[in-house]
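The primary structure of each chain is shown beneath.
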Amino acid sequence: MGSTAAISGIPASQADGAEQARTLAVRARRMKQRRYMFDLIAASYLADAALLQIYVFAETIPQIVVPAYIGCGFAIVVASIALSEVGFHDRFKDHYLVLPTTLLNLALVMGFSLWAPQVAFLFICSLFIIFSFVPLRATARQSVICWTAMTGMLMVLFISTDTPLAMPHGSLLERLATMLVLVLTVGRCMYIGMYSSALRESLYKRGLQLREAYQRIEEFAELDELTGSYNRRCIMRMLDDEIARADRSAAPLSLALIDLDWFKRINDSFGHPTGDEVLRTFAITIFANIRSFDRFGRYGGEEFLLLLPNTSRDEAHKMLDRLREIVEELDWTAFSPGMRVTLSAGVTAMAPNETAEAVLARADRALYAAKEDGRNKIATT
């Protein structure tokens, strides 16, 4: 970490602090999500306890079942919250501990189904709620394990024992409670489904934001920070691409090396901030007056490279002379009284099977000739 930070120009201590801050932010977000999940589970236990209390009023089960059930359920929830708050979950790759949490809830359902088979219907309906939660965070492997555990539990309930598992419906109150079990089970499953949909929507939007961020990063990596034109690495790659395309299609390709005349004097006389504004204005002016398929990039310092696909050398010379006149006629005195900015350019066209180095060397010689001829000129070779 320290060496990487040093290479990138960021102090190691600052980079480490930023990394720790990101880690803490991620853990805090996970903890908040877990807390919400545990709150939903606790609310589900409360709903089941309320339904069990109705069965108590109907004299279907003894009163002891209700506090026992809510006590066991809340013990699981409270323990989970406590472990989450101290960061225990973050030690594992699965920071929701889906598997142990699900298995504990399955064991609870199985235990109470055997203890209070008169209302086994309620506990078995809880399976639908449990397995609505599982897909939210479980991997495929964890889902298979949970499903296998549930299958084993049901085999014990339905095959290995002869305990009658009832769906209470003897009295009006029992039928009311059983109806509420179905209604609330479906309602909770629907709510979890909507929560799952909201999570997917959130992830989708986050994915779009990440793609947009990566796109911006790629754009910034290709652009010169000061002028907004392509940087040297990018414009050189584009030159190679255009050469390859011109060779394939036998289409003409011209290019120009452009230099701002006496730019060092501008920096010395008016200051570097003004010089930077001159470079920006120059780049914007060029962009506004070239074709959509032309490519313009900063070659280095005050030198720029302009690629002109499908353009002959004579056409390129006319285009550069027009750009020269546009730049010369701009009101540069807006930056500072007495300021005048002109350009010189060397224009050349690709020859068959010519390398980028060779054509750039010819363009550079033409640029030198334009400067020797008094600047504010376009030379062609």
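Refer to the preceding data block for the structure.
About the cut-offs
- Residues numbered from 1 in each chain as written.
- Predicted model: local features only at pLDDT ≥ 70, side-chain atom pairs only at ≥ 80, totals over all residues.
- Heavy atoms only, no water.
- Helix = DSSP H or I, 4+ residues; strand = E, 2+ residues; numbered from the N terminus.
- Rg over C-alpha atoms; globule rule 2.2 N^0.38 Å.
- Buried < 20%, exposed > 50% of the residue type's maximum accessible area, 1.4 Å probe, protein only.
- Contact = heavy atoms within 4.5 Å.
- Areas by Shrake-Rupley, 256 points an atom, 1.4 Å probe, with all protein chains shown as cover.
- Expected span 1.5 Å × (residues − 1).
- Core = buried A, V, L, I, M, F, W, Y, C linked by side-chain atoms within 4.5 Å.
- Salt bridge = Lys/Arg side-chain N within 4 Å of Asp/Glu carboxyl O.

With that settled, consider the overall build of the protein. Helix and strand counts for the protein stand at 12 helices and five strands. Relative to a compact globule of 381 residues, whose C-alpha radius of gyration would be 21 Å, the protein shows 37 Å and is clearly more extended. In terms of overall dimensions, the protein has C-alpha extents of about 110 × 45 × 40 Å along its principal axes. Counting only residues that meet the buried cut, the protein has 41% of its 381 residues in that class. Counted over contacts in the protein with a minimum sequence separation of 6, partners at least 24 positions apart contribute 71%. Per element, the accessible surface of the protein, about 20600 Å² overall, is 61% carbon and sulfur.

If you check helix α4 (residues 98–115), its first and last C-alpha atoms are 26 Å apart, about what 18 residues at 1.5 Å a residue would give, namely 26 Å. Residues V98, L99, T101, T102, N105, L106, L108, V109, F112 and S113 constitute the buried set of α4.

What follows deals with the nonpolar core. Y45, L52, I61, F123 and F133 are the most contacted members of the largest nonpolar core, which has 45 residues in total. Those elements that provide at least two residues to this core are α2 (12–57), α3 (65–85), α4, α5 (120–137), α6 (140–160) and α7 (172–222). Broken down by element, this core gets its largest block of residues, 12 residues, from α2. When residues no more than four places from it in sequence are discounted, the contact partners of F133 are M37, L40, I41 and I192.

A few words on α5. Its 18 residues place the ends of α5 27 Å apart at the C-alpha level, agreeing with the 26 Å of an ideal helix rising 1.5 Å per residue. Buried residues dominate α5, accounting for 13 of its 18 residues.

For the rest of this paragraph, the subject is the pattern of salt bridges. Per the stated rule, a full pass over the model turns up 16 salt bridges. When the shortest N-O distance is used, the salt bridge between D259 and K371 registers 3.3 Å. Within this pair, whereas D259 is found in strand β1 (residues 253–260), its partner K371 is found in helix α12 (residues 356–372), the two being separated by 112 residues in sequence. Judged by its relative accessible area of 22%, K371 falls in the partly exposed class. Linking R324 and D321 is a salt bridge whose minimum nitrogen-to-oxygen distance equals 3.0 Å. A residue pair is termed a helical-turn pair when its members lie 3 or 4 positions apart in one helix, as R324 and D321 do in helix α11 (residues 313–329) at three residues. R324 sits in the buried class, given a relative accessible area of 12%. A relative accessible area of 25% places D321 in the partly exposed class. One continuous salt-bridge network, built from bridges that share partners, spans D321, R324, E325, E328 and R340.

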